[in-house]
Amino acid sequence: MTRPEPFSRHRPRAGFTLPAVLVVVGALLVLAIGLLLITGIERDTARSFADRERAALAARAGLEEVRGILQRETANDDFLVIGRNAEPLKDSEKATPPYLYIARGSAAGEMVDYRYAPLFSTATQPEKSTGGERLQAPDPAPLLADDKDTIAIAALPWYDPVAVRWIYLKDSKGKPVSRYAYWVEDMQGKIDARIAGNLAGKDGGPGRPGFPSPSSAPLEKDMPALAAIFIGALDPAVTEREGAGVVTKLVIDGRPAMLSPDSIIGATGIGGAAVVGREPKSGLLVDAKAASFELQAAATNRPYAEQPVVPFAKGFSQETMGKPKLNLNKLLADPRPGAVDEFAKWVAKALPAQADSEAFEKRKGGFPAPDDYLKTLAAGALDYADADSDPTVKTGSYVGLDAYPLMSEVVLHIEFQGVQKKGSGYTLNWRMRLFAELWNMTNQPANGSARLSYEVNLQPEPINATFIPVPFDDPSLLDDPTQTTHNLSKIGGMYFGPSIAVSLLPDQYKFYEFADVSYTMDFQPQFNAFGKPAAEKFGLKEPELEARGLTMRWGDQPVQRLASIVRDPFGVSAYFTTQPKSQGKAAIPGHSYGPYGLELDNMGDPRISPYLRTERLAENAYPENLSPNRRNIRKKSIYDLDKEYKRRYYGRVLPSEWPDGGHNSPAGTFNTNPPTDNKILPTDPNPQWPAPPTPIAAYAPQRISNAGRFYSAAELGNVYDPILWNPQYSDLKGKPGTGKTDTAILIPPPGSSEKPNIPPNRNRFPTVSLGSTPSTIYGGGNTLRIGRPEHEKFDHPGQRASQLLDLFHAGMPESQDEAERTGPVVKIAGNVNVNTAGRDALRAMAAGLHMQDPLLALVTDWKHITVGGKYAPATAPAELGTPTVKLPADRIADAILLRRPFASASELASVTDKDDLPVFGNPDMFTEKNLQWTDAAAEETFARVFDASTLRSRNFRVWVIGQALGGPAAKPVPLSEIRKVYTVFDDPGERRNDGSIDPTKINPRVTYENDF
């Protein structure tokens, strides 16, 4: 306080002395009183300031406690962020607030233990789950039991107040001087409005990748992968076709103004509370669209890198849980043999036999040795994605499926040209030609060269003592130019026909001639009593147990092997020495197998044919049942003899009947009368053969990317799965009969007079049911089930195909940089935590039209159409979408809410609804019935959710109350209070070269701060 100047010593005039003194005294009195008042106010102010500072420091201590938890618990990429909602308050119409936990797993033998770190203030820690109990967020109520130490934080207007515990700060004497309480909100459970949504679709609406692009590919080169999230679905009034582009455009145009956590509503121009107001009871904005965006969207989430690791979850080995996943693109870039081995060894190590389940490899059923099932999957996966069409092959171990064709029908045409005089004797003259119809089963063009082996154990029966027959493929014949002329070459000790240039469009069939061999065999006939040659009858035979097979090479690689082909063990139709005659012997790889007369009719999938080795490929009547250009439809003698509903499944190849389903390519227009002349060749331009249909890529059963990279591990669902199991239907729920009974109809027992029928109400081959047993003769029609219902027999931890998602990743999906694609980390940018997301956010992730199947259809009548080249059930085009309340996006969201938290992506993939029915890729989720779609379309919705999701979070808001305390220790009194909300980014910092976190670099930092 400034000291006053002294009074003047000058004496005033006498008349003014008394009034002046009185004035001065009065002034001093006022001054004195003022000084006393100022001193008191400053003392109170100082005390208030100190209390406020103590309250602010308490609030900061709450923030620092949260930062400490994050630094400690998220310093490794195996953590999970999960939540559990509080119990609803009586008579409240507001939502119940979620309580978050960081969950950390640890291996406990074949089980997993979980411990939980609360992200809300509490004085006690929840008990950990042990002994393999399912991951489950603890009940927060026991942690908040002491009412006198709890406070209700009214953080958000649509939530009931959040009850949390006070945490006390005490002085050196143990007296409470301040306290804090906090509650953490997960911002990563929301749709990122700065990334989600695009206007690249039809008519300016949202777009998603369509066939043939992989569903996980970015829609455009520089567009973030997660831009495909259908953000317009946050508006309850939006459908796929109406208003989607309008809502999305509002979001996109408003992005420059999205600068703070609460800026979305204003930035989009929808209108916040000041404009539309709030419902007094629910606390929600009156406008439904504004309310949804306020609850489900975020604008301040920060991207970060993450090292994908194998989750701590049931089914995985103790040695691999918590270890880095393998990068599929790194394997793709590595030398192929080593990459195949690494893929297979990793799967075998991570998914071994558990106490209550078989190893993943046991999925193979009767898959034959020495071929390796896991390496076959690996080769198929790498061939699916690489940029070339060359198969990945190791003879006797694995063959991958790439853009090359397979044999769908083979014909050995036998022409006996008669007897010719040669010097003092005669010759028997033959010509044999080998044909094969090649089917490009992929959606990519197939261009290259093919050749077939010439393996013909047929031989004339002994005619007389002077004629000793040998097989037609015996080197003594083929290497003797005096007895044979041919176009064969020896490769690896086997005879192969010439290399034939092959060019096939996607899903195109075409017959080619692969070998031409002529024989001149010396023959001395017997003479009758009149001195003339006897008309000696003879035939050809090939002992069934000695039947030869056939190998197809594509380029320099063997890609398809037919183990053995039955060409009538009882002898080819009789020949006479004086009568030339032609005969054809045909077979359909992947279709009829088994002993002559007791064949098992399979589904006719050529992809399974190399693995059917213990049984012989059965004969098909020639030429009446030959089927150039017609998808192996044996029409006149078999197909037309069936009833119009075509329950007899043999005599046709219909991918729509395979376990995966699919579409039936056109079969060509048939002539009224099928050919009967054995001289007709399958390559003849004969009008009696059906006209070739125009091939369409979308009909192709085998999906190939050939993009030179993976965009997502979900693409593994396109890999062919050569499982071999005896067919058995599952029981029909609520209907008479059993799966076993129906299977007896599908494959009648030996000696039965029943024809092989697909049972009523089935309409397709069964999947692998619980009752199925390993088979060496039955298989085909399956790719890995990732994002649609798993085979019943494999639907448990350790054998689900979806668990490959937890073993592999694809780097950074939208990156054009090879180092980022093949590196050890992925980019998390806009990924939504499905363990904490709201219902509408989950709906938006799943919603949108299906784009991966342009031929998606509904079966309108199971009666087969037999005109116009269709030869299949009647269908009508369909358009499937998911955003409205009655369609699957809502059922998917509800199932996720019901079954979460999830410890792994495979648990998400196999999620079921309240009726325990799978929701991803399940046609029963649609109101449309008799759905006909490809497996890629069935798995499309899950791929959307998987690619846009995460199971952890690093973006939060921390709501903190800090108080300064006074009064007695037993009953402290609040003196000052600070309420703060901090937006916190749990920045993992710069990572080590191997992708792991450096604990010294992790930095949970505040990006926004405000009072509330």
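Here, every reference points to the structure presented above.
Since the structure is predicted, the reported quantities are computational estimates derived from the model, not experimental observations.

**Some remarks on helix α8 (residues 373-385)**
Link 1 in the chain: The end-to-end C-alpha separation of α8 is 19 Å, in line with the 18 Å expected for 13 residues at 1.5 Å each.
Link 2 in the chain: Counting buried positions along α8 yields 13 of 13 residues, so the element is predominantly enclosed.
Link 3 in the chain: The N-terminus of α8 is capped by Asp372, whose side-chain oxygen sits 3.0 Å from the backbone nitrogen of Leu374.

**Some points on the nonpolar core**
In summary, soluble globular proteins display a tendency toward joint burial of nonpolar side chains.
Link 1 in the chain: Residues Tyr454 and Phe808 are the most contacted members of the largest nonpolar core, which totals 204 residues.
Link 2 in the chain: A per-element tally of this core places α8 first, with 9 residues.
Link 3 in the chain: Other than its neighbours up to four places away in sequence, Tyr454 contacts Met432, Phe472, Asp473, Leu478, Leu488, Tyr495, Phe496, Ala515, Val517 and Tyr519.
Link 4 in the chain: Core analysis: the next-biggest nonpolar cluster, separate from the first, contains 24 residues, Ala59, Val66, Tyr180 and Phe956 among them.

**Observations concerning the side chain of Arg762**
Link 1 in the chain: You can see Arg762 is positioned in the loop between α10 (739-746) and β32 (774-779).
Link 2 in the chain: Here Asp742 takes part through its side chain, which lies 2.6 Å from a polar atom of the side chain of Arg762.
Link 3 in the chain: Each residue touching Arg762, except ones within four places of it in the same chain, is listed here: Tyr729, Ser730, Leu732, Thr738, Gly739 and Asp742.

**Considerations on the packing of helix α7 (residues 336-350) against α8**
Link 1 in the chain: Remark: α7 packs on α8, axes separated minimally by 8 Å, with the N-to-C direction vectors making an angle of 125°. With respect to α8, the axis of α7 lies oblique. Like other packed secondary-structure pairs, α7 and α8 cross with a definite hand, here right-handed. Along its contact with α7, which presents Arg336, Ala339, Val340, Asp341, Phe343, Ala344, Val347 and Ala348, the element α8 presents Leu374, Lys375, Ala378, Ala379, Ala381, Leu382 and Asp383.
Link 2 in the chain: Classifying every residue of the contact of α7 with α8 gives 11 nonpolar, no polar and 4 charged.

**A short note on the sheet that holds strand β36 (residues 857-865)**
Link 1 in the chain: One open sheet holds the 3 strands; their spatial order is β37-β36-β38, and the pairing between them is antiparallel. Lying at the two open borders of the sheet, with one neighbouring strand each, are β37 (872-877) and β38 (931-932).
Link 2 in the chain: Examined bridge by bridge, β36 and β37 share 6 bridges and lie antiparallel to one another. Each residue of the ladder has a partner; that of His864, found in β37, is Pro873.

**Section: the side chain of Ser609**
Link 1 in the chain: With respect to the helices and strands, Ser609 occurs in the loop between β30 (600-601) and β31 (724-725).
Link 2 in the chain: Residue Ser609 is classed as buried on the basis of its relative accessible area of 1%.
Link 3 in the chain: A polar contact is formed between the side chain of Ser609 and the side chain of Gln560, at a distance of 2.9 Å.
Link 4 in the chain: Setting aside chain neighbours within four positions, we find Ser609 in contact with Gln560, Arg561, Leu562, Pro589, Gly590 and Tyr593.

Each value, and the rule that gives it
Residues numbered from 1 in each chain as written. Predicted model: local features only at pLDDT ≥ 70, side-chain atom pairs only at ≥ 80, totals over all residues. Heavy atoms only, no water. Helix = DSSP H or I, 4+ residues; strand = E, 2+ residues; numbered from the N terminus. Expected span 1.5 Å × (residues − 1). Buried < 20%, exposed > 50% of the residue type's maximum accessible area, 1.4 Å probe, protein only. Polar contact = N/O pair within 3.5 Å; in protein donor to acceptor, adjacent residues only side chain to side chain. Core = buried A, V, L, I, M, F, W, Y, C linked by side-chain atoms within 4.5 Å. Contact = heavy atoms within 4.5 Å. Axes fitted to C-alpha atoms, helices over the stretch in contact; angles between N-to-C directions. Parallel < 35°, antiparallel > 145°, perpendicular 65-115°, else oblique. Left-handed = near helix turned anticlockwise from the far one by under 90°. Nonpolar A, V, L, I, M, F, W, Y, C, P; charged D, E, K, R; others polar. Pairing = 2+ DSSP bridges.

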